Amino acid sequence: MTPRHRVTATVTWPRANARRLARQHLTAPVPVPAPAPADVSAASSGAASAAEVVGAMLGAHAQVLSAAELSVGLRGAGLTRADVRTALWAERSGPGGGSERGGRTLVKTFGPRGTVHLLPLADLPLWTGALSALPVGPNLFAKDAGMTPDQVEAIGDVLTGAELTVDELSDEVVARTGPWAGDPVMPAFRTMWPRWRQVLHLAGHRGVLAYAPNRDRKTTYGNPGCTPLPGPEALAALIERYLYAYGPATPAHFARWLAAPVRWATARFAALAASGAIEEVPFADEGAAWVVAGDTEFPDEPVRGARLLPYFDAFTIASQPRERLFPGPAYERALGGGQAGNYPVLLVDGTVAGVWHQRRSGRRIAVTVEPLKRLSAARLRELERQVDRVAAVMEGTAELTVGPVTVGPHA
């Protein structure tokens, strides 16, 4: 192992934040591939696809698909929601391999924290290997509400070669595992779901379940045919990707992002440090934090300008310490009990400085932005350009109002 020079200069918050924003393609949108002759590849042009943008984000939260489409589109010059949908639903041969240009390169499945994400299809073996290796927390349900590993595997068996609605999937799982799997024991949205649905996200983490195109507006699922990478290998790669995108970061930051135990994350970081894969740097008020070994270059200039980010954007979820990204009044206005993502946010000079909301009617998109401080004329012009970008990504025409946002979170 080659010894490395220990970084002694403290990495300030503005420099760390500037690097994160740049690596998220939020400082400037990355060019995306234009139609090209068959002998000119997107990779050789220096352009990035929708899947590469999602890879840089470490997944796009997609519980509300339109928010994910906007998250991705804002990071790619010329990307629209139609491009994201094409990358998500177009046919291709399978995960993890090469694909024809214009083929399916994204997958919608259960990602970090058990929430629905868009992930690069080529990265699905890494994600499923890492997520299926996470320590299992205490069961929130009654002792007799659990399901065995064999019963979880039944979900993948049912979906092999099929695309089923949740009701069809439920009937098949119950038929294969017994009526017990259909007992309504899982609290959900003022009702009770059948027992088997508590492991839906685990099936996604094991690579045997992902979303398929809707059928008559009904959600459907299929089996992506993914073989997860070995857990230790996948976890090590995921930590390094996280540190590249959001470093410097501590084990506690990583654990919070994954909803994993801090002690477990600390042990994983220690093992990577011992191997020389990551190194420690002093970071702002956090003390010791970590970056990928040798990745110690940071911009000298802070971020300038105004930007709009939608619900549950990857940057606002993963970037820590949260108190720095949401300073002062922003912590109360733009978070929900300390949880990021409940409101779309306005960034000014790289930190949260307001909230916003959009309401669509046909092609018209009414955008209301509530800054926490008065914006200068220059910032207002930047905001107008951002609203135009939102409209371009969402394939509509936007109208901007600067004033109070009166709707609550998740509106």
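Please read these numbers as outputs of a predicted model, since none were measured by experiment.

S.K.: Is there a simple way to think about the packing of helix H4 (residues 65-75) against helix H16 (residues 377-393) in this case?
M.R.: Helix packing geometry: the angle between the two helix axes and the distance between the axes. Close contact between H4 and H16 brings their axes to 9 Å; oriented N to C, the two are set at 120 degrees. In the crossing of H4 with H16, the sense of the turn from one axis to the other is right-handed. Contacts from Glu69, Leu70, Gly73, Leu74 and Arg75 of H4 reach H16 at Arg389, Val390 and Val393. Considering only residue class, the contact of H4 with H16 consists of 4 nonpolar, 1 polar and 3 charged.

S.K.: Even after reading the chapter, I still don't get the sheet that holds strand S6 (residues 163-165), so can you show me in this structure?
M.R.: Sheets are built from strands that pair by backbone hydrogen bonding, the pairs being arranged parallel or antiparallel. Read from one edge to the other, the open sheet built from 3 strands follows the order S6-S10-S9, with strand pairing classed as antiparallel. Strand pairing shows two members of the sheet lacking a second neighbour, S6 and strand S9 (210-215), which therefore form its edges. Along the sheet, successive strands turn relative to each other by an average axial angle of 40 degrees, direction set aside. Where S9 and strand S10 (residues 218-222) come together, 4 bridges link them in antiparallel fashion. Across the sheet, the residue bridging to tyrosine 211 is tyrosine 221, located in S10.

S.K.: I keep staring at the pairing of strand S11 (residues 278-283) and nothing clicks. Help me out?
M.R.: Side-chain direction in a regular strand flips from residue to residue, so the side chains alternate between the two faces of the sheet. Bridging between S11 and strand S12 (residues 287-292) involves 6 bridges; their strand directions are antiparallel. By the bridge assignment for S12, valine 281 is matched with alanine 289. Hairpin connection, S11 to S12: the antiparallel pair is bridged by 3 residues, and alanine 284 has positive phi, about 40 degrees.

S.K.: Before we go on, may I ask you to explain the confidence of the model for the protein chain in this structure?
M.R.: A low pLDDT means the predicted coordinates there should not be read in detail. Mean pLDDT over the protein chain stands at 88; residues scoring 70 or higher make up 87%. Put simply, helix H2 (residues 42-45) is where the protein chain has its lowest mean pLDDT, 37, and strand S14 (residues 345-348) is where it has its highest, 98. Below a pLDDT of 50 lies the segment residues 36-46, which in the model reaches 3 contacts outside its immediate sequence neighbourhood of four places, other chains included. Contacts from residues 92-102, a stretch scored under 50 in pLDDT, to residues over four places away or in other chains number 20 contacts.

S.K.: What should I look at first to understand the nonpolar core in this one?
M.R.: One recurring pattern in soluble globular proteins is that nonpolar side chains are buried together. Leu169 and Trp257 are the most contacted members of the largest nonpolar core, which has 100 residues in total. Counting residues per element, this core draws most heavily on helix H10 (residues 231-246), which supplies 8 residues. Setting aside chain neighbours within four positions, we find tryptophan 257 in contact with Leu58, Pro112, Arg113, Trp127, Leu238, Tyr242, Ile317 and Ala318. Ala306, Ala353, Leu375 and Met394 belong to the second largest nonpolar core, which has 17 residues in total.

S.K.: Looking at this model, I keep getting lost on the pattern of salt bridges. Mind explaining?
M.R.: Where charged atoms from two side chains of opposite charge approach closely, those side chains can pair. By the definition in use, this model includes 14 salt bridges. One salt bridge in this structure joins glutamate 69 and arginine 85, with 2.7 Å as the shortest N-O distance. Remark: arginine 85 occurs in helix H5 (residues 81-89) and glutamate 69 occurs in helix H4; sequence separation between them is 16 residues. Residue glutamate 69 is classed as buried on the basis of its relative accessible area of 1%. Residue class for arginine 85 comes out partly exposed when judged on its relative accessible area of 35%.

S.K.: Is there a simple way to explain the environment of arginine 268 in this structure?
M.R.: Looking at the element boundaries, arginine 268 is found in helix H12 (residues 262-275). Here arginine 268 is in contact with Leu235 and Ile239, once residues within four sequence places are set aside.

S.K.: Explain the side chain of threonine 109 here, please?
M.R.: When you line up the elements, threonine 109 lands in strand S4 (residues 106-110). A polar side-chain atom of threonine 109 sits 3.2 Å from the main-chain carbonyl oxygen of leucine 209. For threonine 109, the contacting residues outside a window of four places in its chain are Thr115, Val116, His117, Leu119, Leu124, Gly204, Leu209, Ala210 and Tyr211.

S.K.: Honestly, the pairing of strand S15 (residues 351-361) in this entry has me stumped. Any pointers?
M.R.: Strand direction decides the pairing type here: S14 and S15, joined by 4 bridges, are antiparallel. Across the sheet, residue valine 345 finds its bridge partner in S15, namely valine 355. What sits between the antiparallel neighbours S14 and S15 is a turn of 2 residues, in which aspartate 349 has the positive phi angle 55 degrees. Pairing between S15 and strand S16 (residues 364-371): 8 bridges, direction antiparallel. Bridging across to S16, serine 361 finds its partner in arginine 364. Taken together, S15 and the strand that follows it, S16, pair antiparallel across an intervening segment of 2 residues, in which glycine 362 is found at a positive phi of about 65 degrees.

S.K.: I would appreciate a short explanation of the sheet that holds strand S13 (residues 306-309) in the present structure.
M.R.: If you walk across this open sheet you meet the 5 strands as S13-S14-S15-S16-S17, and the pairing is mixed. Among the strands making up the open sheet, the edge pair consists of S13 and strand S17 (397-402). In this sheet, neighbouring strand axes are inclined to one another by 30 degrees on average, regardless of whether the strands run parallel or antiparallel. Sheet topology places S13 next to S14; 4 bridges connect them, and they run antiparallel. Note on S14: the bridge partner recorded for leucine 309 is valine 345.

S.K.: It is not clear to me how the packing of aromatic side chains should be interpreted in this structure. Could you clarify?
M.R.: What characterises a pair of aromatic rings is the spacing of the ring centres plus the angle enclosed by the ring planes. With the rule as written, the count across this model stands at 8 aromatic pairs. Look at tyrosine 211 and tyrosine 221: their rings are 4.9 Å apart centre to centre, the planes differ by 50 degrees, and that puts the pair in the tilted class. Residue tyrosine 211 is located in strand S9, and its partner tyrosine 221 is located in strand S10; the two are separated by 10 residues in the primary sequence. Residue tyrosine 211 shares its accessibility class with tyrosine 221, and that shared class is buried. A network of ring pairs unites the aromatic residues Trp127, Tyr242, Tyr246, Phe254, Trp257 and Phe269 as a single cluster. The ring of tyrosine 244 is capped by arginine 23, whose NZ or CZ atom sits 3.7 Å from the centre of that ring. One residue, lysine 108, lies across the ring of tyrosine 211, its end atom 4.6 Å from the ring centre.

Analysis parameters
Residues numbered from 1 in each chain as written. Predicted model: local features only at pLDDT ≥ 70, side-chain atom pairs only at ≥ 80, totals over all residues. Heavy atoms only, no water. Axes fitted to C-alpha atoms, helices over the stretch in contact; angles between N-to-C directions. Helix = DSSP H or I, 4+ residues; strand = E, 2+ residues; numbered from the N terminus. Left-handed = near helix turned anticlockwise from the far one by under 90°. Contact = heavy atoms within 4.5 Å. Nonpolar A, V, L, I, M, F, W, Y, C, P; charged D, E, K, R; others polar. Pairing = 2+ DSSP bridges. pLDDT = per-residue confidence, 0-100. Core = buried A, V, L, I, M, F, W, Y, C linked by side-chain atoms within 4.5 Å. Buried < 20%, exposed > 50% of the residue type's maximum accessible area, 1.4 Å probe, protein only. Salt bridge = Lys/Arg side-chain N within 4 Å of Asp/Glu carboxyl O. Polar contact = N/O pair within 3.5 Å; in protein donor to acceptor, adjacent residues only side chain to side chain. Phe/Tyr/Trp six-rings, centres within 6.5 Å; stacked < 30°, edge-to-face > 60°. Lys NZ or Arg CZ within 6 Å of the ring centre and 35° of its normal.

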